[in-house]
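# Report on the structure
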Amino acid sequence: MISVDQALDALFALVEPLSTEQIGLRAAAGRTLRASASAARAQPPFAASVMDGYALSKEDAHTDATLEVVGEAAAGHRFAGTVSQGQAVRIFTGAPMPEGTDHVEIQEDVTVAGDRITLRDPGRPGAYVRPAGGDFAAGAELPAPRVLSAADISLLAAMNVPTVTVARRPEVAIISTGDELVMPGESPLDDQIIASNGLGLAAQLSAVGALPRLLPIARDTAESLQSAFRFARGADLIVTIGGASVGDHDLVRSVAGQAGMEQAFYKVAMRPGKPLMAGRIAGVPMVGLPGNPVSTLVCGHVFLVPLIRAMLGQGQAPAARRTAPLASPVAANGPREHYCRAKLTQDGLHVFDRQDSSLLTVLAEANALAIRPIGDPARAAGEPIDYLPLA
Ligand code: AMP
Ligand code: MG
């Protein structure tokens, strides 16, 4: 049995960053920028007033100076002339500073009489002017790779970059397997259960940028699985759920083998999720997940999310770990790395007592997976422990 780290490395070796596509900003949030974008212009493109008031030269900014107002500048309406000493221009927020001015007096600090103003309390010289290029210069770069946030979208728009080069979304064919499974909303017989894992996994992988395709549930027959693998052609990644153990009805490994799977590994020293397998079928990376609901999602978090990120071109990195003190003691761990459902609160990390891999309620209640290394001794409350935050 290989370790979680070894399994993840073997998975990374199965994939390459996908190709890119050019898309508009409206569709770009959450996508992975793959070519650095560079600003087509500076922002602001001109020195601008931050306030409503009067633009004048710093030289004139002293108490009781009286100036002649020679025109007006508003946002989108530049004052065309040049302002001389002894003159000022009525100015509004966002307007370009007129030629000859480098200081704004706010209107509250000015006495107006006809076309003349008197400064009562000049601010520091150069006050209330936003300098040209103060946010970014022309040519400034937003570097790739990067998952585009709402702020990035605004920044790119301000850079006058209307389209961006992003990674194509990896298409993931998800195959649930099992004679007992029916889709939610159907009427299950009393020996059937609802196929929950495919939907949860699709949600988990969509959230990091994949395009999951839920294929029809495969029955526990070689023919049904074979036809599911045929349906999956064209995907960037094939994921099966269930049928991964060694029971009489666990066919995924043998059918994948008949379909020409080159196996990268089978079985990982982890809990939950031991019967994980991976390889390539007809050139397409394939991962076989265990069927227990919590195993599926924990393996999704530990293996598939980093794999999708690598395919998007974000680099090869395991799920980010953090550390927190244990809120209560935990017993010694066995020979497999244990990902325990836990809840992080202000008191620290509470590892739940119930860790059976079928308990979705416990997973839904968790906001963290506490990680117990292989052979970790019993730990007391207050000792630090690594965990994976769950979104
Ligand atoms: P298996 O690996 O096929 O032996 O499945 C292990 C357990 O997980 C069994 O109790 C299955 O009924 C259950 N299971 C398998 N696939 C799913 C699924 N897609 N949704 C919910 N439960 C499943
Ligand atoms: Mg099964």
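Above this text sits the structure in question.
Scope of this entry: the structure provided in the associated data block.

### Digging into the sheet that holds strand β9 (residues 110-113)
Hydrogen bonding along the main chain pairs the strands of a sheet, whether they run parallel or antiparallel. Strand order in the open sheet formed by six strands is β8-β5-β7-β6-β10-β9, with mixed pairing between adjacent strands. One side of each edge strand has no neighbouring strand; the edge strands of this open sheet are β8 (103-106) and β9. If you compare each strand with its neighbour and ignore which way they point, the axes differ by 40° on average.

### Considerations on the packing of helix α3 (residues 197-206) against helix α6 (residues 293-311)
Direction vectors running N to C along α3 and α6 enclose 25°, while the axes themselves pass 10 Å from each other. In this view, α3 runs roughly parallel relative to α6, as classed from their interaxial angle. Note that α3 runs across α6; the crossing there is right-handed. Mapping the contact onto sequence places Asn-197, Gly-200, Leu-201, Gln-204 and Leu-205 in α3 and Pro-293, Thr-296, Leu-297, Gly-300, His-301, Leu-304, Val-305 and Ile-308 in α6. Its residues assigned to classes, the contact of α3 with α6 comprises seven nonpolar, six polar and no charged.

### A few points about a nonpolar patch on the surface
Where nonpolar side chains cluster on the molecular surface, the patch consists of Met-183, Leu-199 and Leu-214 and spans about 230 Å² of accessible area. Locating Met-183 in the fold gives a position in the loop between β16 (181-182) and β17 (193-194). Residue class for Met-183 comes out partly exposed when judged on its relative accessible area of 31%.

### Quick look at the pairing of strand β6 (residues 66-73)
Two strands pair when backbone bridges link them, and β6 and strand β10 (residues 116-119) are joined in this way by three bridges, in the antiparallel orientation. Following the sheet pairing, Leu-67 is matched in β10 by Ile-117.

### A closer look at the packing of aromatic side chains
Throughout the structure, instances matching the rule amount to zero aromatic pairs. The ring of Phe-46 carries Arg-78 above its face, with NZ or CZ at 5.9 Å from the centroid. If you follow Arg-253 out to its NZ or CZ, it ends over the ring of Tyr-266, 4.1 Å from the centre.

Thresholds, definitions, all that
- Numbering of residues begins from 1 in every chain and follows the order in which that chain's sequence is written.
- Ligands are numbered from 1 and chains lettered from A, in the order in which they are written.
- Predicted model: local features are reported for residues with pLDDT of at least 70 only, side-chain atom pairs are reported and counted for 80 or more only, and whole-chain, interface and lining totals are derived from all residues.
- Only hydrogens and water are set aside; all other atoms, that is, all heavy atoms of the structure, feed into the side-chain values.
- The pairing criterion is simple: DSSP has to find at least two bridges between the two strands.
- Secondary structure elements follow DSSP: runs of H or I of four or more residues count as helices, runs of E of two or more count as strands, with numbering from the N terminus.
- The angle between two axes is taken between their N-to-C directions and runs from 0 to 180 degrees, where each axis is a line fitted to C-alpha atoms and a helix contributes only its stretch in contact.
- In what follows, roughly perpendicular refers to angles from 65 to 115 degrees, roughly parallel to angles under 35, roughly antiparallel to angles over 145, and oblique to any angle outside these ranges.
- For any helix crossing, the convention is left-handed if the near helix is rotated counterclockwise from the far helix by under a right angle, and right-handed if that rotation is clockwise.
- For this analysis, residues touch if any pair of their heavy atoms sits within 4.5 Å.
- All residues other than Ala, Val, Leu, Ile, Met, Phe, Trp, Tyr, Cys, Pro, Asp, Glu, Lys and Arg, Gly among them, are scored as polar; the first ten of these are nonpolar and the last four charged.
- Candidate patch residues must exceed 30% relative accessible area and have no salt bridge, after which like charges are joined if within 9 Å and Val, Leu, Ile, Met, Phe, Trp or Tyr side chains if within 5 Å.
- For accessible areas, the Shrake-Rupley method is used with a probe of radius 1.4 Å. Any residue's cover is judged against the shown protein chains and nothing else.
- The rule for a salt bridge is simple: a side-chain nitrogen of Lys or Arg has to be within 4 Å of a carboxyl oxygen of Asp or Glu.
- Only protein chains enter the area calculation, which uses a 1.4 Å probe; residues under 20% of their type maximum are buried, those over 50% are exposed, and those in between are partly exposed.
- Any Phe, Tyr or Trp ring, taking Trp's six-membered ring, that has another such ring centre within 6.5 Å forms a pair; planes under 30 degrees apart are called stacked, those over 60 apart edge-to-face, and the others tilted.
- Whether a charge sits over a ring depends on NZ of Lys or CZ of Arg being within 6 Å of the ring centre and within 35 degrees of the ring normal.

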